[in-house]
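Observations on the model geometry
Chain residues, written in single-letter form:
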Protein chains: 2
Amino acid sequence: MATIKDVAELSGVTVTTVSRVLNNRGYLSEKTKKKVSEAIIALDYHPNEMARSLAQKQTSLLGVIVPSLLHPYYSECINALEKHASSHGLKLLVCNAQRSPQKEAEYIDMLKANKVAGLVLCTNSRSSVRLLANLPVVTLERSISSNVPAIVCDNTQGGQLAARHLIAQKCTNLVMISGNRSTEERANGFAKMCEQVHIPYKILKTNQSQFNHLDYTDLIQEIFTDPAVDGVFASSDVIATQVIQACHKKGLSIPEDMKIVGFDDVELSRMVSPRLTTIHQPIEELCKEAVQTIIDWDKERGKEQIILPVRLVQREST
Amino acid sequence: MATIKDVAELSGVTVTTVSRVLNNRGYLSEKTKKKVSEAIIALDYHPNEMARSLAQKQTSLLGVIVPSLLHPYYSECINALEKHASSHGLKLLVCNAQRSPQKEAEYIDMLKANKVAGLVLCTNSRSSVRLLANLPVVTLERSISSNVPAIVCDNTQGGQLAARHLIAQKCTNLVMISGNRSTEERANGFAKMCEQVHIPYKILKTNQSQFNHLDYTDLIQEIFTDPAVDGVFASSDVIATQVIQACHKKGLSIPEDMKIVGFDDVELSRMVSPRLTTIHQPIEELCKEAVQTIIDWDKERGKEQIILPVRLVQREST
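Residues numbered from 1 in each chain as written. Chains lettered and ligands numbered in written order. Predicted model: local features only at pLDDT ≥ 70, side-chain atom pairs only at ≥ 80, totals over all residues. Heavy atoms only, no water.

Focus: the nonpolar core
Most often, soluble globular proteins have nonpolar side chains that are buried together. With 149 residues, the main nonpolar core has Ile177(A), Ile223(A), Ile177(B) and Ile223(B) as its most contacted residues. For Ile223(A), the contacting residues outside a window of four places in its chain are Val175(A), Ile177(A), Leu204(A), Val229(A), Val232(A), Val243(A) and Met258(A). Formed by 36 residues, the second largest nonpolar core is a distinct cluster that contains Tyr107(A), Met110(A), Leu132(A) and Ala97(B). (Core = buried A, V, L, I, M, F, W, Y, C linked by side-chain atoms within 4.5 Å. Buried < 20%, exposed > 50% of the residue type's maximum accessible area, 1.4 Å probe, protein only. Contact = heavy atoms within 4.5 Å.)

This is the structure:
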């Protein structure tokens, strides 16, 4: 029975490229598509065997480690990962590191001992990198090492889109609330766009304790120290929601007195009043790519980063 | 090495009772506590062996089947189950039945084939009951059979508390938005309280499609057909949040023109504006009891229902 590796060898491309042809994803030249298709026919290769052979070599468990299960972003990731994992016959083992590097390390040990088929890592701890040897692993929305493939969204583009939109809506003085290192690129894109068009802006940084408690109330008060501020870009919908609450408390009308853009586009953004304008992260597609990377695992292939585009969804807060 | 069963035998009580003494949970007479404590000392019993022996007989996987991973209530359940499972050395296998009885049945088969230590079932499908034989299983916030232990909150009390609070806040005409059968008791408690004090009320029933899409917008419009309505009790915080949005759209002030009470007390209730008054479900305790019931599993014991009390948390929506 031919495997995806046989197809890759015969057509002279990587396993990842074969998988891309099979799933019709990403940019591929017509020449590559033709070579791969010919190899598939020549070898009588059936792609459904992929998941099955993977399951037979190891358990059919896919591990996922998240920093928090209460944050709506990770709930939506787990929802999407479960969906794509189960479509490949994989079961999702959910681990909550609760932002503890030690708990994260223990979970990685446990997942290896349980012979999982792979791991989707949604935590930042670089100290765990050495533990990841011999385990198919992919990081979601963060890069921890050049040895570990990362699936991320285009955070720089997201920051630019948010700034451009607020400026187009006639805002003249902006604030961004930025999280930890995984949102740095959002801040960079935002700052660059403001500088291009000479719009004054300020960036407020959240700390770990605020993320742990999902409570940014104190930090948000700093927005109001400058009464000229008329637009806010928050690096998550959770933060944006609390900016809405703070504006209501201050008696500021949204979007008349203050325009607000979030990031993530989780369910929450449609549940608040006013509904939140936000940068849509392609969570479905990110998670699909993550599962696919595990399914197509190839020790020898390049550990490239896959970057997916984002888009702005305008609702009532701008 | 003494087991929890030896302690139960020597002290003449059930395994569940021993576990309750060890964990200091529920009502216990001083006499029972003394008997059990004496047996523990006499046998030199170490309760930590419990989880370990369980893990050695089977895998240390705990399955959980939920109807939706996007509904914040189930995210919080998974958060709490993961916490209590991992404190007993159990790993959480998360399955999303996506409200399909067939998917639910397939997951139960899969979990049995994977020799899980137990299953926490958060779905309603009664057709699955026959599949559950020989599997330690507990249902959370629903009863599906007298053969399956159920951990629930006091939903009747919750409905009563909501009605009593709205009436105390001078509401004179109430609407409740009630979900499927698991919220029937909330509706009964609510109705009973309204009838006791002769306050007019109406109950609107949601359908499955609304739950599937987490979108109750059309149903909520029915509240406004009677302009006398000045108080709403929603059977989930998700529904209550959409009532807030609808009131904002209609130009009604909360709480001046309309008072709103939710149910669940998930994070969302603190994130909306105004913050939501709601009935607090003890999700932490419910999940702790569920995991404990699996840990203490005893085929022969009575399949009792454990009912935990709820309380009202007043915020800004009343």
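Brief notes about the sheet that holds strand E6 (residues 174-178) of chain A
All names here are of chain A. Spatially, the 6 strands line up as an open sheet ordered E7-E6-E8-E9-E10-E12, and their pairing is mixed. With one partner strand each, in any of the chains shown, strand E7 (201-205) and strand E12 (311-313) form the two edges of the open sheet. The sheet shows a mean angle of 20 degrees between the axes of neighbouring strands, direction not considered. One ladder, built from 4 bridges, connects E6 with strand E8 (residues 231-234); its direction is parallel. Of the residues in E8, the one forming a bridge with leucine 174 is glycine 231. (Pairing = 2+ DSSP bridges. Helix = DSSP H or I, 4+ residues; strand = E, 2+ residues; numbered from the N terminus. Axes fitted to C-alpha atoms, helices over the stretch in contact; angles between N-to-C directions.)

Things to note about the pairing of strand E3 (residues 118-121) of chain B
Residues and elements named next belong to chain B. Burial of E3 is two-sided: the residues Gly118 and Val120 facing one way and the residues Leu119 and Leu121 facing the other way are all buried. Judged from the 4 bridges that link them, strand E1 (residues 61-66) and E3 form a sheet pairing that is parallel. Of the residues in E3, the one forming a bridge with leucine 62 is glycine 118. As paired strands, E3 and strand E4 (residues 137-140) are joined by 3 bridges and run parallel to one another. Residue leucine 121 lies in a different strand from E4, and its bridge partner there is threonine 139.

Let's talk about the relation of the copies chain A and chain B
After a rotation of 179 degrees and a shift along the axis of 0.0 Å, chain A superposes on chain B with an RMSD of 0.2 Å. The operation mapping one copy onto its partner corresponds to a two-fold rotation axis. Among all C-alpha atoms of chain A, that of Leu93(A) lies closest to the rotation axis, at 2.3 Å. Mapped onto chain B, 100% of the interface residues of chain A are again interface residues, and the two copies thus contact each other with one and the same surface. (Least-squares fit on C-alpha atoms with pLDDT ≥ 70 in both.)

Here's the deal with the domain arrangement of chain A
Residue and element names in this part refer to chain A. One can read the domain layout of chain A as domain 1 (4-43), domain 2 (59-153 + 284-309) and domain 3 (155-280). Each of domain 2 and domain 3 has a C-alpha centre, and these two points are 28 Å apart. Each partner contributes residues to the interface: domain 2 has 14 residues there, and domain 3 has 17 residues. Both faces combined, the contact of domain 2 with domain 3 buries some 1300 Å², and carbon together with sulfur accounts for 52% of it. The tally of links between domain 2 and domain 3 comes to 1 salt bridge. One salt bridge in this structure joins arginine 186 and glutamate 141, with 2.9 Å as the shortest N-O distance. At the junction of domain 2 with domain 3, the criterion picks out 4 residue pairs in polar contact (both at pLDDT 80 or more). The element contributing the most residues to the side of domain 2 that touches domain 3 is helix H5 (residues 72-87), with 4 residues. Of the residues in the side of domain 2 that touches domain 3, the class split is 7 nonpolar, 3 polar and 4 charged. (Domains from an automatic or database assignment. Buried area = accessible area lost by both parts, 1.4 Å probe. Salt bridge = Lys/Arg side-chain N within 4 Å of Asp/Glu carboxyl O. Polar contact = N/O pair within 3.5 Å; in protein donor to acceptor, adjacent residues only side chain to side chain. Nonpolar A, V, L, I, M, F, W, Y, C, P; charged D, E, K, R; others polar.)

With respect to the packing of aromatic side chains
Residues and elements named next belong to chain A. The full count for this structure, using the stated rule, is 8 aromatic pairs over all chains. Ring centres 6.3 Å apart and planes at 45 degrees place the aromatic pair phenylalanine 233 and phenylalanine 263 in the tilted group. Remark: phenylalanine 263 occurs in strand E9 (residues 259-264) and phenylalanine 233 occurs in strand E8; sequence separation between them is 30 residues. Judged on exposure class, the residue phenylalanine 233 and its partner phenylalanine 263 are both buried. Of the aromatic side chains, those joined through ring pairs into one cluster are Phe190, Tyr201, Phe233 and Phe263. In this structure, arginine 186 is placed above the aromatic ring of phenylalanine 263, and the distance from its NZ or CZ to the ring centre is 3.7 Å. (Phe/Tyr/Trp six-rings, centres within 6.5 Å; stacked < 30°, edge-to-face > 60°. Lys NZ or Arg CZ within 6 Å of the ring centre and 35° of its normal.)

Some words on the sheet that holds E3(B)
With respect to topology, 12 strands assemble into an open sheet ordered E11(A)-E5(A)-E4(A)-E3(A)-E1(A)-E2(A)-E2(B)-E1(B)-E3(B)-E4(B)-E5(B)-E11(B), the strand pairing being mixed. Of all the strands in the sheet, just strand E11 (305-308) of chain A together with strand E11 (305-308) of chain B have a single pairing partner and so form its edges. Each strand axis lies, on average, 25 degrees off the axis of its neighbour in the sheet, ignoring direction. As defined by bridge partners, strand E5 (residues 150-153) of chain B adjoins E11(B) across 4 bridges and the pair is classed as parallel. Residue pairing for E11(B): Ala150(B) is matched across the bridge by Gln305(B). The sheet contacts of helix H6 (residues 101-113) of chain A involve strand E1 (61-66), strand E2 (91-96) and strand E3 (118-121) of chain A together with strand E2 (91-96) of chain B, and relative to E2(A) the element is tilted by about 155 degrees. Relative to the sheet, helix H6 (residues 101-113) of chain B contacts E2 of chain A together with E1, E2 and E3 of chain B, its axis offset from that of E2(B) by approximately 155 degrees.

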